[in-house]
Amino acid sequence: MRSAALACLASIAAAALAGSQTFAAATIGAPITVPVPAPQKGSAESLKDEYRRPAEIPFPASNPFTPEKLKLGKTLYYDTRLSGSGAQSCASCHNPGYGWGDGLAKGVGDGMKELKRRSPTIVNAAWGLIFMWDGRAPSLEEQALGPIQAAVEMNMPIEKLLERLNSITEYKTLFEAAFPGEGITPAGIGKAIATFERTAISGWAPFDSWIDGDAKAISASAQRGFALFNGKAQCNTCHVGWNFTDDSFHDIGLPDADIGRGAFLGVAVKMRQAFKTPGLRDISRRSPFMHDGSMATLEAVVEHYDTGGVARPSRSDLIKPLGLTVEEKADLVAFLKTLSGSSDVIAQPIQPR
């Protein structure tokens, strides 16, 4: 497989015909429990299957893939008319050129005002169980509609958006093709954008070639880093599976007053200042790091985990000083860099008139 992105996209139609997969239930305000394996001490070979790429993109039964929805979703995603100012689109904060983020420490919202958190990537969101840094969106469809309506982000009331889209003749045609007989609806907007977002897949990386048996695809340093990732550094207690995330929430000890998941689960001590575990695919293209954009390099991220961060009641029990050597830290960074690979050029659509 030369490009996982192309392979995944080529399998979409087959996945839809075969029957869509469904996501585990995720409810706003309820804790999500994800089994986390104990740190592995076996050989690298015994771990490889846990990180092997899936063959198909999962689409929920409530929103199965169609080419018409993909075309509409991509068009909406890049259209600045979805914002109140007419100056921002979904792609303004989730740009493929920046690893499907924006390259900024903090996102920028309506009126060019800085937001309080970094814009999260949407790469590999198709495999997500719950969305946004604090988990307030239980589905990708709801996530797609959230920033559009948020006053501090795109600031577009849904009623005004429906009026605007209904005034554009070509959008009526696109919606009719995607959702016959339904017209232009909030649900249709969310489903179409989510369909496009599920095709934002990280490309085939050197790590994938190594997993597939090419012993020379990654350096000896990166291979040592993989062993550390699954051993002494204990990264795999949260960064699990092919997308390297448990889709859960942890306080990792950042010196930040943002309460994160605690806004929904305030009675749970461990959820105060807890944020969603980001996946690590294409991580070297997605700086700066952390929910607050406070770390500019992967070296800084590894250093943070090595020290254990701020000790407080809410800090995850998984976070503690690691005692890594200088060489071990360098090996971990070398491994993380192997998770970024090929990247397809995304052509922007011609906007409807």
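Here the structure is a predicted model, which is why all the values come from computation and not from measurement. The residue numbers shown here count from 1 along each chain, following its written sequence. Two thresholds apply to this predicted model, a pLDDT of at least 70 for residue-level local features and 80 or more for giving and counting side-chain atom pairs, whereas whole-chain, interface and lining totals are computed over all residues. Values shown for side chains rest on all heavy atoms present in the structure; no hydrogens or waters enter the calculation.

## Quick word on the overall build of the protein chain
Here's step 1: Starting at the N terminus, helices and strands are each numbered in turn, a helix being any DSSP run of H or I of at least four residues and a strand any DSSP run of E of at least two. When you go through the protein chain residue by residue, the secondary structure sums to 13 helices and two strands.
Here's step 2: Categorising residues by exposure relies on relative accessible area from a 1.4 Å probe, with only protein chains included: less than 20% of the type maximum marks a residue as buried, more than 50% marks it as exposed, and the intermediate range marks it as partly exposed. Across the 353 residues of the protein chain, 52% fall into the buried class.
Here's step 3: Shrake-Rupley sampling with a 1.4 Å probe provides the accessible areas, and residues are treated as covered by the protein chains on show and by no other component. Put simply, the protein chain shows about 15500 Å² of open surface, and 58% of that area lies on carbon and sulfur atoms.

## Let's talk about helix H9 (residues 186–197)
Here's step 1: Between the first and last residue of a helix there are one fewer steps than residues, each counted as 1.5 Å, and that sum is the expected span. Over its twelve residues, H9 extends 17 Å from the first C-alpha to the last, a length consistent with the 16 Å expected when each residue adds 1.5 Å.
Here's step 2: In terms of burial, H9 is a largely internal element, nine of the twelve residues being buried.
Here's step 3: Burial in H9 covers these residues: Gly188, Ile189, Gly190, Ala192, Ile193, Ala194, Thr195, Phe196 and Glu197.
Here's step 4: By definition in these notes, contact holds between two residues if any of their heavy atoms fall within 4.5 Å. Those residues of H9 that are buried lie in contact with helix H4 (67–77), helix H5 (90–93), helix H6 (140–149), helix H7 (158–166) and helix H8 (169–178).

## Here's the deal with the nonpolar core
Here's step 1: In plain words, nonpolar cores are sets of buried Ala, Val, Leu, Ile, Met, Phe, Trp, Tyr and Cys residues tied together by side-chain atoms within 4.5 Å. In this structure, Leu72, Leu76, Tyr77, Leu165, Phe175, Ile189 and Ile193 are the most contacted members of the largest nonpolar core, which totals 31 residues.
Here's step 2: Mapped onto this core, the elements with two or more residues apiece are H4, H5, H6, H7, H8 and H9.
Here's step 3: With residues up to four places along the chain from it excluded, the contact list for Ile193 reads Gly73, Leu76, Tyr77, Leu82, Cys90, Ala144 and Ile148.
Here's step 4: Membership of the second largest hydrophobic core comes to 30 residues, among which are Phe207, Ile211, Leu228 and Phe244.

## Concerning empty space enclosed by the protein
Here's step 1: Here a cavity denotes grid points, spaced 1 Å and computed from the protein atoms alone, that fit a 1.4 Å probe unable to get out, and a pocket denotes an open set having protein on both sides within 12 Å along at least 5 of 7 lines; residues with an atom within 4 Å of a point are the lining. Grid points are joined across faces, edges and corners, and a volume is the space filled by probe spheres set on the points. With the rule as written, the count across this model stands at three cavities of 30 Å³ or more.
Here's step 2: Here the largest cavity is characterised by a volume of approximately 620 Å³.
Here's step 3: Every residue lining the largest cavity is counted, 33 residues in all, and those nearest its centre are His239, Ile252, Met290, Val301 and Tyr305.
Here's step 4: Of all the secondary-structure elements, those providing two or more residues to the lining of the largest cavity are strand E2 (275–276), helix H12 (298–307) and helix H13 (326–337).
Here's step 5: For the lining of the largest cavity, the element with the highest residue contribution is H12, accounting for four residues.
Here's step 6: Taken as a whole, the second largest cavity holds about 60 Å³ of empty space.

## Here we look at the packing of H4 against H8
Here's step 1: Remark: H4 packs on H8, axes separated minimally by 8 Å, with the N-to-C direction vectors making an angle of 145°. Helix-helix and strand crossings are classified by hand; for H4 and H8 the assignment is left-handed. In this structure, H4 uses Glu68, Lys69, Lys71, Leu72, Thr75 and Leu76 to contact H8, whose residues at the interface are Tyr171, Leu174, Phe175, Ala177 and Ala178.
Here's step 2: Gly falls in the polar group here, along with every residue not listed as nonpolar (Ala, Val, Leu, Ile, Met, Phe, Trp, Tyr, Cys, Pro) or charged (Asp, Glu, Lys, Arg). Residue composition of the contact of H4 with H8, by class: seven nonpolar, one polar and three charged. Each axis is a line fitted through C-alpha atoms, and for a helix only the stretch in contact is used; angles between axes span 0 to 180 degrees, taken between their N-to-C directions. Left-handed is the label given to a crossing in which the near helix is rotated counterclockwise from the far helix by less than a right angle, and right-handed is the label when the rotation is clockwise.

## Let's talk about the packing of H6 against H9
Packed helices, taken two at a time, are described by the angle between their axes plus the distance between the axes.
Here's step 1: Remark: H6 packs on H9, axes separated minimally by 8 Å, with the N-to-C direction vectors making an angle of 110°. Viewed along their axes, H6 and H9 adopt a mutual orientation that is roughly perpendicular. Residue-level contacts link Leu140, Glu141, Gln143, Ala144, Leu145 and Ile148 of H6 to Pro186, Ile189, Gly190, Lys191, Ile193, Ala194 and Glu197 of H9.
Here's step 2: Taken together, the residues of the contact of H6 with H9 break down into eight nonpolar, two polar and three charged. Should an angle lie under 35 degrees it is considered roughly parallel, over 145 roughly antiparallel, and from 65 to 115 roughly perpendicular; all remaining angles are considered oblique.

## Digging into unusual backbone geometry
Glycine aside, the phi torsion of most residues is negative, and most peptide linkages are trans.
Here's step 1: Between Ser287 and Pro288 the backbone carries a cis peptide bond, its omega angle lying at -5°.
Here's step 2: Examined against the element boundaries, Pro288 turns out to sit in the loop between E2 and H12.
Here's step 3: For Asn124, which is not glycine, the phi dihedral falls at a positive 65°.
Here's step 4: Mapped onto the elements, Asn124 comes out in the loop between H5 and H6.
Here's step 5: Positive phi outside glycine occurs at Phe244, with the angle close to 60°.
Here's step 6: Following the sequence through the fold, Phe244 ends up in the loop between helix H11 (220–229) and strand E1 (249–250).
Here's step 7: Judged by its relative accessible area of 0%, Phe244 falls in the buried class.

## Some points on the confidence of the model for the protein chain
Here's step 1: Put simply, the protein chain has an average pLDDT of 89, and 88% of its residues get 70 or more.
Here's step 2: Contacts from residues 1–42, a stretch scored under 50 in pLDDT, to residues over four places away or in other chains number 91 contacts. Scored from 0 to 100, pLDDT records how confident the predictor is in each individual residue.

## Considering the packing of aromatic side chains
Here's step 1: A pair of Phe, Tyr and Trp rings is counted when the ring centres sit within 6.5 Å of each other, with Trp represented by its six-membered ring. The angle between the planes then sorts it: under 30 degrees is stacked, over 60 is edge-to-face, the rest tilted. Here the structure, examined in full by the defined rule, presents 21 aromatic pairs.
Here's step 2: Each ring, one from Tyr51 and one from Phe207, has its centre 6.0 Å from the other, and the planes form 80°; the classification is edge-to-face. Taken together, the residues Tyr51 in the loop between helix H3 (44–47) and H4 and Phe207 in helix H10 (residues 206–211) connect sequence positions 156 residues apart.
Here's step 3: Tyr51 gets classed as buried once you look at its relative accessible area, which sits at 1%.
Here's step 4: Plain terms: the ring middles of Phe207 and Phe226 are 5.7 Å apart, the flat faces sit at 45° to each other, and that makes the pair tilted. A residue pair is termed long-range when its members are at least 10 positions apart, and Phe207 in helix H10 and Phe226 in helix H11 qualify at 19 residues.
Here's step 5: What makes Phe207 buried here is its relative accessible area of 0%.
Here's step 6: An aromatic cluster of three or more residues is present, and its members are Tyr51, Phe207, Trp210, Phe226, Phe229, Phe244 and Phe335.
Here's step 7: A positively charged side chain is recorded as over a ring if its NZ (Lys) or CZ (Arg) lies within 6 Å of the ring centre. The angle to the ring normal must also be within 35 degrees. When the ring centre of Phe249 is taken as reference, the NZ or CZ atom of Arg261 above it lies at 4.7 Å.
Here's step 8: A cation over a ring is seen here: Lys276 above Phe131, with NZ or CZ 5.0 Å from the ring centre.

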